[in-house]
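# Tertiary structure, described
If you want the building blocks of each chain, they are given just below.
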Amino acid sequence: ILSNITAIIPFSIMEISIYLTITLGVFFIILFIKLLVKDKENRKENIIKYSLNLSCILSIFLFLFVIFAGTNYYRYSFSKIHNMSVEESSIDELYELNMYLARKAYEYRHELEFIGKDINDEGVIEFTDTSWKELTKKASQAFDNLSFVYPVFKGTYGRPKPVIASKFMSRMEITGIFWPFTLEANVNVHAPDYTIPSTMAHEIAHQRGFMREDEANYIAFLACIYSDDLIFKYSGTMLALTSAGNALYREDPVLYAKTREIFNEGMIADLRDKSSYWSQFNDTVISTVSNKMNDTYLKANNQKDGVKSYGRMVDLLLAGYKGELYY
């Protein structure tokens with residue numbers, strides 16, 4: 001209900017609330033300092049009073065976080081709910097998964113080139129013909145389609161919202177944020193366009209109660225391939241292919257090179273554009289601090305591997321592939 005209410009507002013409430021919090025925080029810090037300077041006799045009492053007030057405010061936000069999101073880190077996993085057999089796999093099975101994903105991505109990218117929609121002069125996907133409103137409708141429809149196979153996704157939820165300060169999110173190496181206080185799915189729209197549909201689906205997965213990063217990525221892949229739209233199918237498949245490809249490269253670079261032979265020019269152009277885009281933000285002060293904060297946040301919420309938990313998506317992909325859950 002809350003996500004449907006906040007969806008009425010077209011802009012990100014999260015973004016506005018962050019700006020407002022920073023502004024009010026600076027304002028009250030200045031007032032507090034002035035009070036300490038003027039009222040030296042009651043300085044100790046004032047510090048205690050302000051500390052208690054701050055503790056109460058933080059406690060309220062912590063309570064809301066636990067109620068709206070925190071408890072979902074401890075829910076049954078997606079694999080357990082749907083009796084997926086997640087087990088160790090051989091390198092050959094990982095290679096087969098990569099070949100399957102590469103062929104599907106090739107197919108979708110070839111079809112996109114054929115219709116000539118949302119592809120710029122450099123051969124890179126760019127949303128020139130598709131609006132944000134259209135994308136959000138397609139994202140909602142993708143989850144509607146997915147709910148016929150996985151009923152846990154039934155229901156209506158607020159549509160993802162674009163973040164105005166998306167470039168700053170890129171500097172923090174963040175593609176999307178689920179804001180638990182308003183149940184909003186917020187998306188970095190400055191990132192390479194072909195990645196945006198899968199990011200939208202990832203944040204919607206959080207919105208629907210799956211907070212683990214590996215599961216949110218896997219659900220994003222499922223939602224995208226069940227979409228009726230080619231760009232969503234391609235975006236989700238490329239998300240899965242990137243994760244599976246990285247795992248295969250670590251295990252056997254030669255087999256990985258064989259999967260790369262399948263990539264068409266369009267796929268390579270998109271990957272190069274993505275690599276070029278994110279390389280400018282690597283190892284900066286902002287990105288380093290952001291990654292450390294994200295790592296701490298994940299570990300504090302029952303994801304003991306921290307940012308490494310993103311790699312577990314490959315186990316889910318393999319389980320689904322061996323269970324013939326894809327088409």
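Residues numbered from 1 in each chain as written. Predicted model: local features only at pLDDT ≥ 70, side-chain atom pairs only at ≥ 80, totals over all residues. Heavy atoms only, no water.

### Side note on unusual backbone geometry
For clarity, the cut-off: A run of H or I in DSSP becomes a helix once it reaches four residues, and a run of E becomes a strand once it reaches two; helices and strands are each numbered from the N terminus.
Residues other than glycine seldom take positive phi values, yet Asn 83 does so here, at roughly 50°. Examined against the element boundaries, Asn 83 turns out to sit in the loop between helix H4 (78-81) and helix H5 (91-115). Positioned with a positive phi, Asp 118 is a non-glycine residue whose angle comes to about 60°. Mapped onto the secondary structure, Asp 118 falls in the loop between H5 and helix H6 (132-149).

### Considering helix H14 (residues 313-322)
This is how the line gets drawn: Think of it in three bands: with a 1.4 Å probe and only protein chains considered, a residue is buried below 20% of the maximum accessible area for its type, exposed above 50%, and partly exposed in between. We call two residues contacting when some pair of their heavy atoms lies within 4.5 Å.
The element H14 is extensively covered by neighbouring structure, given that seven of its 10 residues are classed as buried. For H14, the set of buried residues is Met 313, Val 314, Leu 316, Leu 317, Leu 318, Ala 319 and Gly 320. Buried residues in H14 make contact with H4, H5, helix H9 (213-225) and helix H10 (230-251). Where H14 ends, the next residue or the one after it, Glu 324, has phi of about 55°, a positive value.

### Digging into the packing of aromatic side chains
Applied cut-off: Two aromatic rings, drawn from Phe, Tyr or Trp (for Trp, its six-membered ring), form a pair once their centres lie within 6.5 Å of each other, and the interplanar angle then sorts them: stacked below 30 degrees, edge-to-face above 60, tilted otherwise.
Within this structure, the stated rule accounts for 17 aromatic pairs. When the centroid spacing of 5.4 Å and the interplanar angle of 90° are considered together, the rings of Phe 61 and Phe 181 count as edge-to-face. In this pair, Phe 61 is assigned in helix H3 (residues 43-68) and Phe 181 in the loop between strand S2 (176-179) and strand S3 (184-187), connecting sequence segments 120 residues apart. Within the aromatic cluster, the residues linked to one another by ring pairs are Phe 78, Phe 143, Tyr 150, Phe 153, Phe 210, Tyr 218 and Phe 221.

### Some words on the sheet that holds S2
By way of backbone hydrogen bonds, the strands of a sheet pair with one another, either parallel or antiparallel. The line we're drawing: Two strands form a pair only when DSSP identifies at least two bridges running between them. Axes, fitted as lines to C-alpha atoms, cover a helix only where it is in contact. Angles between the N-to-C directions of the axes lie from 0 to 180 degrees.
Strand order in this open sheet of three strands is S1-S3-S2, and the pairing throughout is mixed. Whereas interior strands pair on both sides, the edge strands pair on one side only; in this sheet they are strand S1 (161-162) and S2. Across four bridges, the pairing between S2 and S3 is antiparallel. Paired with Ile 177 across the bridge in S3 is Asn 186. Here helix H2 (residues 13-38) sits on the sheet in contact with S1, S2 and S3, set at roughly 80° to S2. Relative to the sheet, helix H8 (residues 196-207) contacts S2 and S3, its axis offset from that of S3 by approximately 155°.

### Digging into the nonpolar core
Stated precisely, the cut-off is as follows: Put simply, buried Ala, Val, Leu, Ile, Met, Phe, Trp, Tyr and Cys residues joined by side-chain atoms within 4.5 Å make one nonpolar core.
Residues Phe 78, Leu 146, Tyr 218, Phe 221, Leu 222 and Tyr 234 are the most contacted members of the largest nonpolar core, which totals 62 residues. Breaking this core down by element, the ones donating at least two residues are H5, H6, H8, H9, H10, helix H11 (253-260), helix H12 (265-279) and H14. Membership of the second largest hydrophobic core comes to six residues, among which are Ala 69, Tyr 73, Leu 183 and Met 211.

### Notes on the packing of H9 against H10
Each pair of packed helices can be summarised by the angle the axes make with each other and by the distance between the axes. To be explicit about the condition: The handedness criterion is simple: a crossing whose near helix is rotated anticlockwise from the far helix by less than a right angle is left-handed, and one whose near helix is rotated clockwise is right-handed. Here the term charged refers only to Asp, Glu, Lys and Arg, the term nonpolar to Ala, Val, Leu, Ile, Met, Phe, Trp, Tyr, Cys and Pro, and the term polar to all other amino acids, Gly among them.
Remark: H9 packs on H10, axes separated minimally by 7 Å, with the N-to-C direction vectors making an angle of 150°. The two elements H9 and H10 cross, and the hand of that crossing is left-handed. Contacts between H9 and H10 involve Asn 217, Ala 220, Phe 221, Cys 224 and Ile 225 on the former and, on the latter, Phe 232, Lys 233, Gly 236, Thr 237, Leu 239 and Ala 240. Grouping the amino acids of the contact of H9 with H10 by side-chain chemistry returns seven nonpolar, three polar and one charged.

### Describing a negative patch on the surface
Inclusion rule: Think of a patch as exposed residues, more than 30% relative accessible area, with no salt bridge, where like charges cluster within 9 Å and nonpolar side chains (Val, Leu, Ile, Met, Phe, Trp, Tyr) cluster within 5 Å. For accessible areas, the Shrake-Rupley method is used with a probe of radius 1.4 Å. Any residue's cover is judged against the shown protein chains and nothing else. The salt bridge criterion pairs a side-chain nitrogen of Lys or Arg with a carboxyl oxygen of Asp or Glu, the two atoms within 4 Å. Here the positive residues are Lys and Arg and the negative ones are Asp and Glu; neither His nor the chain ends is included. Here the site of a charge means atom NZ of a Lys, CZ of an Arg, CG of an Asp or CD of a Glu.
Among the surface-exposed residues, Asp 121, Glu 122, Glu 126 and Asp 273 lie close enough to one another that they form a single negatively charged patch. For Asp 273, the position within the fold is in helix H12. We classify Asp 273 as partly exposed; its relative accessible area is 31%.

### Quick look at the side chain of Ser 235
Test applied: Polar contacts, as counted here, are pairs of nitrogen or oxygen atoms within 3.5 Å of one another; within protein the pair requires one atom able to donate a hydrogen and one able to accept it, and residues that are adjacent in sequence qualify only if both atoms are side-chain atoms.
Residue position: Ser 235 is located in helix H10. Residue classification places Ser 235 among the buried residues on the basis of a relative accessible area of 1%. There is a polar contact of 2.6 Å between the side chain of Ser 235 and the backbone oxygen of Tyr 194. Contacts of Ser 235, omitting those with residues within four sequence positions, involve Tyr 194, Thr 195, Ile 196, Pro 197 and Ser 198.

### Details of the pairing of S3
Side chains Glu 184 and Asn 186 project from S3 onto one buried face, and the interleaved Ala 185 and Val 187 project onto a second face that is buried too. Pairing between S1 and S3: two bridges, direction parallel. Looking at S3, one finds that Lys 161 is bridged to Asn 186. Hairpin connection of S2 to S3: four residues between the antiparallel strands, including Leu 183 at a positive phi of 55°.

### Considerations on the packing of H5 against H11
In plain terms, the rule: Here is the rule for angles: anything less than 35 degrees is roughly parallel, anything more than 145 is roughly antiparallel, 65 through 115 is roughly perpendicular, and the remaining ranges are oblique.
Across the interface, H5 lies against H11 with an axial gap of 9 Å and an inter-helix angle of 20°. Between H5 and H11, the angle is such that the two are roughly parallel. The two elements H5 and H11 meet at a crossing, and its hand is right-handed. The residues of H11 that touch H5, namely those facing Ile 91, Tyr 95, Asn 98, Met 99 and Ala 102, are Leu 255, Lys 258 and Thr 259.

### As for the side chain of Glu 215
Checked against the element boundaries, Glu 215 lands in helix H9. Nearest to the buried, unbridged Glu 215 among oppositely charged side chains is Arg 212, at 4.9 Å. Side-chain polar atoms of Glu 215 contact the backbone nitrogen of Phe 78, separated by 2.5 Å. With near-sequence residues (within four places) excluded, Glu 215 lies in contact with Ser 77, Phe 78, Ser 79, Phe 210 and Leu 316.

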